[in-house]
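Summary of structural features
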There are 2 protein chains.
Amino acid sequence: MNDAREVVVLRYGHRPGRDDRMTTHVGLTARALGADRVIFPDNAGQSAETVRDITGRFGGPFAVELRDDQKAIVREFDGVVVHLTMYGERVQDVETAVREAVGLDEPEAPEEASPPRDLLVVVGGEKVPWALYERADFNVGVTNQPHSEVAGLAVFLDRLFDGAELGREWADADRRVVPEATGKTVIDAGTETDSAGDDEAGDDRPGNDRASERRD
Amino acid sequence: MNDAREVVVLRYGHRPGRDDRMTTHVGLTARALGADRVIFPDNAGQSAETVRDITGRFGGPFAVELRDDQKAIVREFDGVVVHLTMYGERVQDVETAVREAVGLDEPEAPEEASPPRDLLVVVGGEKVPWALYERADFNVGVTNQPHSEVAGLAVFLDRLFDGAELGREWADADRRVVPEATGKTVIDAGTETDSAGDDEAGDDRPGNDRASERRD
């Protein structure tokens, strides 16, 4: 989302079939909430395809990669590594330090601003190796309760960007949802004409609800 | 989380098998991020059991209900209804209005504070009826992009409570995770003694990673 630094989400581990939907949601959440790229294990091709399809239709830039060398990605990452885990430090205690480490803070004296650094956010799937805890610059818990890696990623990104990700604009989108109090309006993003008769928002009110564009 | 009002999350629609994990994550996210209760469709018994199990071990209060009358729950809810949907108004534009509607705002003049009202947060699963859009006091989009209902719920709750949910304390917990920079420590919440030899955090470093207490 930012020109000067890249925020990358790494989904660590994936069990085909069982994890398809969670991995897809990790990727879509990374895209929607301001990350620049997601890396999936190379056995998560179906999830990658879904996230690429959504990016093609709703815009980018957002990159999806399949890689088989997750340990090496973490070990060799040239930047700050955050590992989201329920055993980590409380997000409310460390978010300022994370922002400072990647140069997202806004210090009172501009000359004290840190230079931009890339950020790798690791989201565990299957069991993660202990080496990840040790390599991470920050092990971060979005609560120290068991819940959902998708929820943890979402809250972390929203706090990292301090809400700025919600105002992001999308390039090369085919379509765009128009936010409204009561309605489901999708317009053609190329011509910005209302396309409430096309396959996206067609005969859907009432009854044929297409509120979930999610794929899984 | 608040004595004076109840925040209830309703998972609308559930396809057994296919949705089990997402529904479970909706419930665990609701619990971890400050809701008081979750209502699942009555065919989501497995998810209910998992969330109750986590509540039994990690604490509450948090209630899980199975109900077959979702339309009626929404229609007859005595309080404010928020429906999370990618077609809704932007969360950053309406979050203050939602907080004011339920009395969570902190006006400059205390006498202007709204009385507490209960809040129902509806999270779509399967297709939701158009009547839900009409009944909702707020249709809210956490971005107008397709991503994840779990991510949307998480960001919405974090903003609703303005982060206060992260400091919540838990009653009647068997165990408690101690947040730390590098480690996985779980203590017995009854006696507050380190139990890093029990089944929760036992022989897990390195190698036997139990960072994911998530159930699915």
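Up top is the structure.
Described in the following lines is the structure provided in the data block. Just so it is clear, the structure is predicted and the values come from calculations on it, not from any experiment.

A few points about the relation of the copies chain A and chain B
- Aligned on chain B, chain A shows an RMSD of 0.0 Å; the corresponding rotation is 180° and the shift along the axis is 0.0 Å. With respect to symmetry, the two chain copies, as superposed, fit the operation of a two-fold axis. Every residue of chain A has its C-alpha some distance from the rotation axis, and the shortest such distance is that of A151 of chain A, at 2.3 Å.

Thoughts on the packing of aromatic side chains
- Scanning the entire structure with this criterion turns up two aromatic pairs over all chains.
- Both rings, one in W130 of chain A and one in Y133 of chain A, keep their centres 4.9 Å apart while their planes meet at 20°; by these two values the pair is stacked. Of this pair, W130 of chain A and Y133 of chain A both sit in helix α5 (residues 130-135), separated by three residues, roughly a single helical turn. The burial state of W130 of chain A is the same as that of Y133 of chain A; both residues are buried.
- R168 of chain B extends its terminal NZ or CZ atom over the ring of W170 of chain B, reaching a point 3.8 Å from the ring centre.

Describing the sheet that holds strand β6 (residues 138-141) of chain A
Residues and elements named next belong to chain A.
- Across the sheet, six strands lie side by side as β3-β2-β1-β5-β4-β6; this open sheet has parallel pairing. Of all strands in the sheet, those bounded by a partner on one side alone are β3 (63-67) and β6. With strand direction ignored, the average angle separating the axes of adjacent strands in the sheet is 30°.
- Strand direction decides the pairing type here: strand β1 (residues 7-12) and strand β2 (residues 37-41), joined by three bridges, are parallel. In the sheet register, L10 faces β2, and the bridge partner there is I39.
- Together, β4 (80-90), β5 (119-124) and β6 form the strand contacts of helix α4 (residues 91-102), whose direction differs from that of β4 by roughly 175°.

Looking at the interface of chain A and chain B
- Facing 66 residues of chain A, the contacting portion of chain B comprises 66 residues.
- Buried surface at the junction of chain A and chain B, both sides included, amounts to about 5,900 Å², of which 59% is carbon and sulfur.
- Considering only the side of chain A, the residues that lose the most area to chain B are Y87, W130 and L166 of chain A, jointly responsible for 14% of the buried surface there.
- We note a salt bridge from R159 of chain A to D158 of chain B, for which the minimum N-O separation is 2.9 Å.
- Listed by contribution, the elements that provide at least two residues to the side of chain A that touches chain B are α1 (20-32), α2 (45-58), β4, α4, α5, α6 (149-160), β7 (175-178) and β8 (185-188) of chain A.
- Its residues assigned to classes, the side of chain A that touches chain B comprises 27 nonpolar, 18 polar and 21 charged.

A word on the sheet that holds strand β6 (residues 138-141) of chain B
Residues and elements named next belong to chain B.
- With parallel pairing, the six strands of this open sheet are ordered in space as β3-β2-β1-β5-β4-β6. The open sheet is flanked by β3 (63-67) and β6, the only strands paired with a single partner. The average undirected angle you get between the axes of adjacent strands in this sheet is 30°.
- Relative to strand β5 (residues 119-124), strand β4 (residues 80-90) runs parallel, the two being bridged by five bridges. Paired with V80 across the bridge in β5 is L119.
- Where helix α2 (residues 45-58) meets the sheet, its contacts fall on β2 (37-41) and β3, and the angle it forms with β3 comes to roughly 170°.

A closer look at the side chain of R168 of chain A
All names here are of chain A.
- Structurally, the position occupied by R168 is in the loop between α6 and β7.
- No salt bridge forms around the buried R168; measuring N to O, its nearest opposite-charge neighbour D36 is 5.5 Å away.
- Within the structure, the side chain of R168 is placed 3.1 Å from the backbone oxygen of G60, a separation counted as a polar contact.
- Within the local environment of R168, its side chain forms a polar contact with the backbone oxygen of P61, the two atoms lying 2.8 Å apart.

Re the layout of surface pockets
- Of the voids in this model, the largest pocket is the one considered here, and its volume is about 430 Å³.
- Along the wall of the largest pocket there are 22 residues; nearest its centre are R168, E169, W170 and R176 of chain A together with Q145 of chain B.
- Broken down by element, the lining of the largest pocket gets its largest block of residues, three residues, from β7 of chain A.
- Split into classes, the residues belonging to the lining of the largest pocket amount to eight nonpolar, seven polar and seven charged.

Rules of the game
- Residues numbered from 1 in each chain as written.
- Chains lettered and ligands numbered in written order.
- Predicted model: local features only at pLDDT ≥ 70, side-chain atom pairs only at ≥ 80, totals over all residues.
- Heavy atoms only, no water.
- Least-squares fit on C-alpha atoms with pLDDT ≥ 70 in both.
- Phe/Tyr/Trp six-rings, centres within 6.5 Å; stacked < 30°, edge-to-face > 60°.
- Helix = DSSP H or I, 4+ residues; strand = E, 2+ residues; numbered from the N terminus.
- Buried < 20%, exposed > 50% of the residue type's maximum accessible area, 1.4 Å probe, protein only.
- Lys NZ or Arg CZ within 6 Å of the ring centre and 35° of its normal.
- Pairing = 2+ DSSP bridges.
- Axes fitted to C-alpha atoms, helices over the stretch in contact; angles between N-to-C directions.
- Contact = heavy atoms within 4.5 Å.
- Buried area = accessible area lost by both parts, 1.4 Å probe.
- Salt bridge = Lys/Arg side-chain N within 4 Å of Asp/Glu carboxyl O.
- Nonpolar A, V, L, I, M, F, W, Y, C, P; charged D, E, K, R; others polar.
- Lys, Arg positive; Asp, Glu negative; His and termini not counted.
- Polar contact = N/O pair within 3.5 Å; in protein donor to acceptor, adjacent residues only side chain to side chain.
- 1 Å grid on protein atoms, 1.4 Å probe; cavity = no way out; pocket = protein on both sides within 12 Å on 5 of 7 lines; lining within 4 Å.
- Points joined across faces, edges and corners; volume = space filled by probe spheres on them.

Take it as geometry only, folks, not as evidence of what the structure does.
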